[in-house]
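If you want the building blocks of each chain, they are given just below.
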Amino acid sequence: MTEAENLSTSALSHESLASRVAELTDQINAFRRAYYEGNTVLVSDDRYDALMLELEAIERANPELITGDSPTQSVGGAANEAFAPVQHLERMMSLDNVFSEDELAAWLEKTGNGPFLCELKIDGLAINLRYENGVLVSAATRGDGVVGEDVTANVLTIKSIPRRLTGSGHPPVVEVRGEIFYNLADFAQLNESLVAEGKAVFANPRNSASGSLRQKDSRVTATRPLRMLVHGVGAWANAPVANQSEVYKLLASWGLPTSDRYRVVNSAADVLAYVAEFAAARHSLEHEIDGIVIKVDSLSAQAELGFTSRAPRWAIAFKYPPEQVNTKLLDIRVSVGRTGRATPYAVVEPVKVAGSVVEFATLHNQDVVKAKGVLIGDTIVLRKAGDVIPEILGPVLALRNGTERAFVMPAKCPDCGAPLAPASEGDIDLRCPNSKSCPAQLRERIAYLGSRGVLDIEALGYVAACALVQPIEPAEPPVRSEADLFKLTLEDLLPIRSAVLDADTGLPKLDAEGNPKVVEFFRKKDGSPAEVALKLLRNLDEVKTRPLWRFLCALSIRHVGPVAARALATHFGSLDRIFAATEVELAEVDGVGGILAKSIKDWILVDWHRDIIEAWRGAGVQLEIAGHDGPGASTEQGGIFVGKTIVVTGTLTQMTREQAEEAIIERGGKAAGSVSKNTSFVVAGPGAGSKLAKAEELGVEVIDEAEFLNRISN
């Protein structure tokens, strides 16, 4: 039994329940008005859903408490008076929701046997298009389900919506229902253009789409890259089809935009498999979804099942865990990264989103803070998609109370006190220039060096990196720069007592009394070496023969990432030859260019940087490719991928994406990050999104992981 059902069947008096129903009704209706009529989100989806579930449970147990204004009895919000009202020929219903596989399985069993049509639940704005004899005569928002807003002039600016249907057999009147939305790439580009114009950005694609469609001037809407996908029909007398899937095929033949991701399945197990498939793939889709819609495919079965007061009994929405929530912005602080970049980050009231509790979120730089319009103390919209770093989308302006305050970027490094300044003219980011002695920069560089994408030192995680560079007195830090790393001995490690730092903030974690947590990191209580100490020394010895490009990455040269490092290592064959090359010679290497070339030359001019290379060389680190004959030469004696450009996308199960790209390079190919007409083929795993779509559009060969493994093994 849910908490809401417990409440409804508890010993609460009838008067108390009636009071709670009135409170819930007022709250939910206020949230609805803001959402449907004001394009504003005052509460997170999960909180809204919880309130609705509580109200439904109380009303189910006490039907006499149901009132005419109850949100369980209505759909959406009232039409905005700024637009002419349009009455739908057939009511636009909402959908009931389920939030677990058990609830979905129960609905499937109650509904009856399939086939079922499964489709993505796009997080956008519902629209109703009325065509008469194949000509679009009106377009209206959902409104309250009976009367919506006339947005015909604005809808006519959306390229994917036809004014006149193609094909034949158009009925005298048909209502086509769908969702107006932004592709994520278009939304990002829109916000970039707003930042460039000095305007406030949109908090999320859904609100932006709603606001764009409700512009009083259709010329503004015409500048917004809105899209639509069809998800059903309303009024349609004597429709010549028997199934929902046939409806979609017919609408597609008339030139209406329909999704190619819907699927008709025959069993509950297949429905659950579809739900699981897109739970894994949702972050690689070109648009946002918040769940899956499941419908009975047969139209006659739909008619037999009928409707409740607000939703069809033949359809249900399975909602994924929320990835967007509202929370309080408690503070904005600044952290310093491995290249000295000072980055503001948000400290938020802890909130659960995308399956984990979030306390911090990125804000990139001071200009982004300004562009997002957030103030310390705001209620903010926070998004976390899967493993993506939490991001603040914007403030909820309607909830401001006047106590909020603006963020001021500090003038000095919070870790070492050096003055912050742009690295070069026109650089937006502020940086700490004290790269050698700033404890934050050294800590981040050592942690980066040990990461999987660089030297892949298993025992050198973030906590170990903190221990090596920031011990507690009386011990001195054994690592004062990267030059010390491969000189480490057991005697260096054992004395270390280290403060435990938070991986998100770099600040010391505190114990129950509020003091920094301190640990004997590399030895046991009896004084003997801990396994992590022995493992770290073994790892450091093992990685000395890693590929050259990894050591180039490990130097934390600004702008030099894995792609450029691979290209440079393959072309020059040794670290000495890379640093001896001129800027012109470096820039001519494919994937390098002038900015990166200058960064490399600037780096090697610093004396303590050169000390790192000599120390590594003296410790036996391999800094050249054996048998390489100099610039332009290749160590490859052929290889199955010579002359081929290959893109890896999606999730691989037998290897990481980095390992797949290494396998490509080792066999003479080029591992590219984007698909073009020059791409030889694409390796696509589950969750492949825009890159897969681009490959299909260009006719580029696409293979799965099994075929890729077959090719490299042969």
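Residues numbered from 1 in each chain as written. Predicted model: local features only at pLDDT ≥ 70, side-chain atom pairs only at ≥ 80, totals over all residues. Heavy atoms only, no water.

Examining the confidence of the model for the protein
Turning to step 1, where the next piece is worked out: Averaged over all residues, the pLDDT of the protein equals 86, while 91% of them reach at least 70.
Turning to step 2, where the next piece is worked out: The model gives residues 1–5 a pLDDT under 50, and that stretch makes 7 contacts with residues more than four places away or in other chains. (pLDDT = per-residue confidence, 0-100. Contact = heavy atoms within 4.5 Å.)

Structural notes on the nonpolar core
Turning to step 1, where the next piece is worked out: The biggest cluster of nonpolar side chains holds 64 residues, and the ones touching the most others in it are Leu460, Leu468, Leu552, Leu568 and Phe579.
Turning to step 2, where the next piece is worked out: At the level of secondary structure, the elements contributing two or more residues to this core comprise α13 (439–450), α14 (462–469), α16 (531–542), α17 (548–554), α18 (562–572), α19 (575–580), α21 (594–604) and α22 (607–618).
Turning to step 3, where the next piece is worked out: Here this core gets 7 residues from one element, more than from any other, and that element is α14.
Turning to step 4, where the next piece is worked out: When near neighbours in sequence (up to four residues on either side) are disregarded, Leu568 contacts Leu552, Gly573, Ile578, Leu586, Val589, Val592, Leu596 and Ile600.
Turning to step 5, where the next piece is worked out: Ranked by size, the runner-up nonpolar core spans 32 residues in total, among them Val230, Trp236, Tyr248 and Leu256. (Core = buried A, V, L, I, M, F, W, Y, C linked by side-chain atoms within 4.5 Å. Buried < 20%, exposed > 50% of the residue type's maximum accessible area, 1.4 Å probe, protein only. Helix = DSSP H or I, 4+ residues; strand = E, 2+ residues; numbered from the N terminus.)

Topic: the packing of aromatic side chains
Turning to step 1, where the next piece is worked out: The tally for this structure, following the rule as stated, stands at 15 aromatic pairs.
Turning to step 2, where the next piece is worked out: An angle of 65° between the planes, with centres 5.9 Å apart, marks the rings of Phe551 and Trp616 as edge-to-face. Here Phe551 is found in helix α17, whereas its partner Trp616 is found in helix α22, with 65 residues between them in sequence. Each member of the pair, Phe551 as well as Trp616, carries the same accessibility label: buried.
Turning to step 3, where the next piece is worked out: The rings of Phe486, Phe551 and Trp616 are connected pair by pair, giving a single aromatic cluster.
Turning to step 4, where the next piece is worked out: Over the face of the ring belonging to Trp549 we find Arg566, whose NZ or CZ atom lies 4.3 Å from the ring centre.
Turning to step 5, where the next piece is worked out: Across from the ring centre of Phe681, 4.9 Å away, lies the NZ or CZ of Arg711, which sits over that ring. (Phe/Tyr/Trp six-rings, centres within 6.5 Å; stacked < 30°, edge-to-face > 60°. Lys NZ or Arg CZ within 6 Å of the ring centre and 35° of its normal.)

Structural notes on the sheet that holds strand β9 (residues 263–265)
Turning to step 1, where the next piece is worked out: Taken together, 5 strands build an open sheet; the order of strands is β2-β11-β10-β3-β9 and the sheet is mixed. Every other strand in the sheet has two partners, leaving β2 (97–98) and β9 as the edge strands with one partner each.
Turning to step 2, where the next piece is worked out: Taken together, the 5 bridges between strand β10 (residues 289–296) and strand β11 (residues 315–319) define a ladder with antiparallel strand orientation. What sits directly across from Val293, in β11, is Ala317.
Turning to step 3, where the next piece is worked out: Across the sheet, helix α10 (residues 268–281) touches β3 (116–122), β9, β10 and β11, and the angle it forms with β3 is around 20°. (Pairing = 2+ DSSP bridges. Axes fitted to C-alpha atoms, helices over the stretch in contact; angles between N-to-C directions.)

Quick word on helix α6 (residues 184–196)
Turning to step 1, where the next piece is worked out: Over its 13 residues, α6 extends 18 Å from the first C-alpha to the last, a length consistent with the 18 Å expected when each residue adds 1.5 Å.
Turning to step 2, where the next piece is worked out: All of the buried residues in α6 are Asp186, Phe187, Leu190, Asn191 and Leu194. What you see down the axis of α6 is that its buried residues fit within an arc of 135°, all on one side. Away from its buried face, by an angle of more than 90 degrees, α6 presents the exposed residues Ala185, Gln189, Glu192 and Ala196.
Turning to step 3, where the next piece is worked out: Where α6 is buried, its residues touch α7 (205–213) and β8 (227–233).
Turning to step 4, where the next piece is worked out: Gly198 sits one or two positions beyond α6 and adopts a positive phi of about 75°. (Expected span 1.5 Å × (residues − 1). Arc of directions from axis to C-beta.)

Quick notes on the packing of helix α4 (residues 101–111) against α10
Turning to step 1, where the next piece is worked out: With their axes 10 Å apart at the nearest point, α4 and α10 run at an angle of 145° to one another. By crossing handedness, the relation of α4 to α10 is classed as right-handed. Residues Glu101, Leu104 and Leu108 of α4 pack against Ala268, Val271, Leu272 and Val275 of α10.
Turning to step 2, where the next piece is worked out: Among the residues making up the contact of α4 with α10, the classes are represented as 6 nonpolar, no polar and 1 charged. (Left-handed = near helix turned anticlockwise from the far one by under 90°. Nonpolar A, V, L, I, M, F, W, Y, C, P; charged D, E, K, R; others polar.)

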